[in-house]
Amino acid sequence: MIRPEFIIEELRKYMPDADFDMVWKAYAFAARCHKGQKRVSGEPYLSHPLEVAHILTQMKLGYISISVGLLHDTVEDGDTTIEDITDLFGEEASHLVGGVTKISLLKFSSKEEQQAENVRKMILAMSKDIRVILIKLADRIHNMRTLHYLKPAKQKSIARETLDIYAPLANRLGIGWIKTELENNVFKYLWPKEYYDIKKQVEAVEAKREKYLNEIVEKVDQTLKKEGLNVEVHGRPKHYYSIFSKMRRQGIGFDEVFDLMGVRIITNSKQECYTVLGLVHSMYKPIPGNLDDYIALPKANMYQSLHTTIVGPNGKPVEFQIRSQAMHLINEEGIAAHWRYKEGVSKEGKGDEQIVWLRRLLDWQKDVKDPREFLEFVKIDLFPDEVYVFTPQQEVKAFQRGATPIDFAYAIHTDLGDHCVGAKINGKLASLRQELKNGDIVEVLSSQNQHPSRDWLKFVKTSKARTKIGSFVRQAEKKRALALGREYLEKELAKLGVDVKQTMADNKLLPHAQAAGYMSLDSFFVALGLGKLKISHILAKLAPREMELAYKKKTTIASAIKKFISRPAKNAPSYGVRIQGMDDMLIRFAQCCNPVPGDDIRGFISRGRGLVVHSADCPNTLGLGADSDRSVDVEWDIKEKEKHLVMIAVKSRDKPGMLSRITGAIAEFESNITEATVRTNEDNTGSIYLTMEVYDLKQLQGLMNSIMKLPDVVSVERIKDRLAFKAANVSKKA
Ligand code: MN
């Protein structure tokens, strides 16, 4: 087992001013947490965090990361909580431990390429801090090194996950040595036969290969030295896994892999790379089409090098890689090289270089909105617009940020969305509105009795959910209007004393519907239900005699009533309100609450009168219930200004000239008073009730404010239920 002193010494070599006490404390804490625990190998568990910390020193990470390497399994395995870590080691360390633990607890199952990509993104999105991934990679490196202790099935699944998720992540972060080590280890477990085959064959030619390579290395070295170039030249073994994947990719045998041998030249500058390339080409013949200039065109993960394959002595091909020292560091250590030394000091480094790095690194990220966002390594949100969650089957799904369980349900299946009643997030019941977070496990609860509601449109994020809900709701509203229309016609006919069944027979009704411009009875009923078609016209056609009788009776009563109650002023034909999916509906404003543009409003489908728009808080709609079948979301859509009637009550001290001052103030706001009632109260105050026309809420509020500022005015109040108010006053008078 590695001793902690050794790790401290390694750390001291590159970071002499590190907080070594913290590392010691982390060691002592981990030792206590893992006391008595053993790895499958039989070794004390503590050996694992020590190895991980050691790998992190090889990556030359700072003391906080090293400490977290020691602590990384304490929360997952032991009785320790993340709060304990915060108390003992501070926020930064506890965030890192939390991040690593979260990833360790995730379970990934599906293996298809798109899935693997989503999983990689999820890990990046959850990490926020690149160090979390670096520590997780160190953890995986050690687990892969000790994989042979596990059962074969477990070996295979961990190896598979490493190949699908962690090796590509290492590659993406540009850490060449981790990618290579992970892949070579994976190879052994997933394709053991091929692995040992290739190993045997490589070993068989090894001695010959080495001798051959050494000759070339020596010759090239001498030539370059003679040219005054002080560069490193050495032979480079090919990795087993890269030989294997080449054989598989190109469908060739071991003997046909022609660049089994490689030479690497490390120069002092970019310029030297090209000079060296020219010299190598002058010594050996290059194979056409095998020159890659990754210096001029770096790979997405910032890899830079010149690659060329030449024909060596005896006609054997040899691959040359030529790069500068700086490039070599980046190629091997990737983002870790940039991360180095950053701990404990200001996070603002040499900004430009880091931005370029991250830009390239994150070519997943289509457009970086603000490069400054990436200046801070500590808090990077790699996918600010996306969120990754699990299905109960551990499949990872990507969504827009802000997506809800309903979006999730529709992404799984339309039917599931249409019947979704609730959701469990991470095993707990959650609201359908709850925003999904990275790593959430989402389970949808459904019921055949549940249907999409118009309300859902307010918070769903994905266009699939929006479209499906919209079409369901429109369909349902049409159905409702259809039933309403049919029922309405039946009732009115019954009131007239007509044989309903006979009159409503399809073949009798259809000609009338068509005469009114409707091709089918369905569309005819829908029009009646929505109030687009006047029922009196239809009744007059279906039962002319009965209608005439009824009309006579009605007008007599109406004229009798008229004497007592003045008719409310007629509202102009009212547009200016938009209803989703129903553009051509007949709209009227309720006479009770008289909403004006700016008020919160809600529509109610009323039998035969189309859509009536009330104030959202109108007391008359309470009985109807905002959730009832008839309720419809509407919003103002003002194109042209229109006048709306409103009523206000002004209370003032009873002074002469009060009314004229108030009406003067109203006139200044270009409002027209249609009715005014003045009442004197016993307490020496007066109440003035005014009905007037305004364009919108803003005008009304301005007007009320200016009345309020008048001397002797006590209160100004809007009367929302005008009809009830009038009725009350009428009955009082009577
Ligand atoms: Mn671990």
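Residues numbered from 1 in each chain as written. Predicted model: local features only at pLDDT ≥ 70, side-chain atom pairs only at ≥ 80, totals over all residues. Heavy atoms only, no water.

Caption draft 1: Quick look at the overall build of the protein. When you go through the protein residue by residue, the secondary structure sums to 26 helices and 21 strands. Within the protein, buried positions represent 49% of all 734 residues. For the protein, the exposed surface amounts to about 37,300 Å²; the carbon and sulfur share of it is 52%. (Helix = DSSP H or I, 4+ residues; strand = E, 2+ residues; numbered from the N terminus. Buried < 20%, exposed > 50% of the residue type's maximum accessible area, 1.4 Å probe, protein only. Areas by Shrake-Rupley, 256 points an atom, 1.4 Å probe, with all protein chains shown as cover.)

Caption draft 2: Inspection of the packing of aromatic side chains at higher detail. Counting across every chain of the model gives 14 aromatic pairs. Residues Phe-187 and Tyr-241 carry aromatic rings whose centres are separated by 5.9 Å and whose planes lie at 70° to one another, so their mutual orientation is edge-to-face. Note that Phe-187 is positioned in helix H10 (residues 176–190) and Tyr-241 in helix H12 (residues 240–250), a separation of 54 residues in sequence. The same class applies to Phe-187 as to Tyr-241, namely buried. Between Trp-191 and Phe-244, the aromatic rings sit 5.1 Å apart at their centres with planes inclined by 45°, giving tilted as the arrangement. A residue pair is termed long-range when its members are at least 10 positions apart, and Trp-191 in the loop between H10 and helix H11 (192–226) and Phe-244 in helix H12 qualify at 53 residues. (Phe/Tyr/Trp six-rings, centres within 6.5 Å; stacked < 30°, edge-to-face > 60°.)

Caption draft 3: Spatial organisation of helix H2 (residues 20–33). Between its first and last C-alpha, H2 extends 20 Å over 14 residues, near the 20 Å set by a 1.5 Å rise per residue. Phe-20, Met-22, Val-23, Ala-26, Phe-29, Ala-30 and Cys-33 are the residues of H2 that are buried. (Expected span 1.5 Å × (residues − 1).)

Caption draft 4: Seen up close, the pairing of strand E6 (residues 317–324). Within E6, eight of the eight residues are buried, which leaves it mostly tucked inside the rest of the structure. Residues Pro-317, Glu-319, Gln-321 and Arg-323 line one face of E6 and the alternating positions Val-318, Phe-320, Ile-322 and Ser-324 line the opposite face, and both faces are buried. Examined bridge by bridge, strand E2 (residues 261–267) and E6 share six bridges and lie parallel to one another. Bridge assignment links Val-263 to a residue of E6, and that residue is Phe-320. As paired strands, strand E5 (residues 306–311) and E6 are joined by six bridges and run antiparallel to one another. Of the residues in E6, the one forming a bridge with Thr-309 is Glu-319. (Pairing = 2+ DSSP bridges.)

Caption draft 5: Fine view of the sheet that holds strand E10 (residues 428–430). Sheet architecture is open: three strands sit in the order E10-E9-E11, paired in antiparallel fashion. A single partner strand is all that each edge strand has here, and the edge strands are E10 and strand E11 (442–446). When strand polarity is set aside, the average angle formed by the axes of neighbouring strands in this sheet is 35°. Summarising the sheet, strand E9 (residues 420–425) and E10 pair through three bridges and their orientation is antiparallel. Residue pairing for E10: Ile-425 is matched across the bridge by Lys-428. (Axes fitted to C-alpha atoms, helices over the stretch in contact; angles between N-to-C directions.)

Caption draft 6: Layout of the coordination of the manganese ion. Around the manganese ion, the protein supplies His-48 (NE2), His-72 (NE2), Asp-73 (OD) and Asp-139 (OD) as donor atoms, at distances of 2.1 to 2.4 Å. Spacing between the donor residues of the manganese ion along their common chain follows H-x23-H-D-x65-D. For the pair His-72 and Asp-73, a shared accessibility class is recorded, and that class is buried. (Donors = N, O, S within 2.8 Å, 3.2 Å for Na, K, Ca; no water.)

Caption draft 7: Quick peek at the environment of Leu-291. If you trace the backbone, Leu-291 turns up in the loop between strand E3 (285–286) and strand E4 (292–293). When the C-alpha positions of Leu-291 and Phe-320 are compared, they lie 9.6 Å apart, and in sequence the two are 29 residues distant. Not counting chain neighbours up to four residues away, the residues in contact with Leu-291 comprise Leu-277, His-281, His-307 and Thr-308. (Contact = heavy atoms within 4.5 Å.)

Caption draft 8: View of the pattern of salt bridges. Per the stated rule, a full pass over the model turns up 22 salt bridges. Between Glu-181 and Arg-145 there is a salt bridge; the shortest N-O distance is 2.7 Å. Taken as a pair, Glu-181 in helix H10 and Arg-145 in helix H8 (residues 130–145) lie far apart in primary sequence, 36 residues in all. With its nearest N and O atoms 4.0 Å apart, the salt bridge here joins Glu-546 to Arg-545. For Glu-546, a relative accessible area of 22% translates into the label partly exposed. On the basis of relative accessibility, which here comes to 61%, the residue Arg-545 falls in the exposed class. (Salt bridge = Lys/Arg side-chain N within 4 Å of Asp/Glu carboxyl O.)

Caption draft 9: Fine view of the packing of helix H3 (residues 47–58) against H8. Closest axis-to-axis distance for the H3/H8 pair is 9 Å, and the angle between their directions is 120°. One way to sum up the angle between H3 and H8 is to call them oblique. Considering the relative orientation of H3 and H8, their crossing is right-handed. Residues Ser-47, His-48, Glu-51, Val-52, Ile-55 and Leu-56 of H3 form the contact with H8, whose participating residues are Leu-134, Ile-135, Ala-138, Asp-139, Ile-141, His-142, Asn-143 and Arg-145. (Parallel < 35°, antiparallel > 145°, perpendicular 65-115°, else oblique. Left-handed = near helix turned anticlockwise from the far one by under 90°.)

Caption draft 10: Inspection of the side chain of His-614 at higher detail. Within the secondary structure layout, His-614 lies in strand E15 (residues 610–615). The class for His-614 is buried, based on a relative accessible area of 9%. Sequence-distant contacts of His-614, defined by excluding residues within four places in its chain, comprise Ala-590, Cys-592, Cys-593, Pro-595, Asp-600, Ile-601, Arg-602, Phe-604 and Thr-621.

Caption draft 11: Fine view of the layout of surface pockets. The calculated volume of the second largest pocket comes to roughly 1,400 Å³. Lining the second largest pocket we find 44 residues, and of these Lys-179, Thr-180, Glu-183, Ser-242 and Lys-299 sit closest to its centre. Counting residues per element, the ones that place at least two in the lining of the second largest pocket are helix H7 (113–127), helix H9 (152–172), H10, strand E1 (232–237), H12, E5, E6 and helix H14 (325–339). Per-element accounting of the lining of the second largest pocket gives the leading share, seven residues, to H10. (1 Å grid on protein atoms, 1.4 Å probe; cavity = no way out; pocket = protein on both sides within 12 Å on 5 of 7 lines; lining within 4 Å. Points joined across faces, edges and corners; volume = space filled by probe spheres on them.)

Caption draft 12: Main features of the sheet that holds strand E21 (residues 713–718). Taken in spatial order, the four strands of this open sheet run E19-E20-E18-E21, and their pairing is antiparallel. With one partner strand each, in any of the chains shown, strand E19 (672–680) and E21 form the two edges of the open sheet. Shown here is a sheet whose adjacent strand axes are inclined to one another by a mean of 20°, direction ignored. Its contacts with the sheet put helix H24 (residues 658–668) on strand E18 (644–653), E19, strand E20 (685–694) and E21, and the angle it makes with E20 is roughly 25°.

Caption draft 13: Main features of the side chain of Ser-652. When you line up the elements, Ser-652 lands in strand E18. Residue contacts for Ser-652: discarding those within four places in its chain leaves Met-658, Thr-685, Gly-686, Asp-712, Val-713 and Val-714.

Caption draft 14: Fine view of the nonpolar core. Grouped together as the largest cluster of nonpolar side chains are 89 residues, with contacts concentrated most on Leu-11, Ile-123, Leu-134, Leu-137 and Ile-198. Residues within four places of Ile-198 in sequence aside, it is in contact with Phe-187, Tyr-240, Ile-243, Phe-244, Met-247 and Phe-254. By size, the runner-up hydrophobic cluster in this structure holds 25 residues, among which are Tyr-212, Leu-229, Val-233 and Ile-322. (Core = buried A, V, L, I, M, F, W, Y, C linked by side-chain atoms within 4.5 Å.)

Caption draft 15: Structural view of the packing of H2 against helix H6 (residues 82–105). Remark: H2 packs on H6, axes separated minimally by 12 Å, with the N-to-C direction vectors making an angle of 130°. Taken as axis vectors, H2 and H6 run oblique relative to one another. Between H2 and H6 lies a crossing of left-handed hand. In this structure, H2 contributes Met-22, Lys-25, Ala-26 and Phe-29 to the contact, and H6 contributes Ile-85, Leu-88, Phe-89 and Ala-93. Of the residues that constitute the contact of H2 with H6, the class distribution is seven nonpolar, no polar and one charged. (Nonpolar A, V, L, I, M, F, W, Y, C, P; charged D, E, K, R; others polar.)

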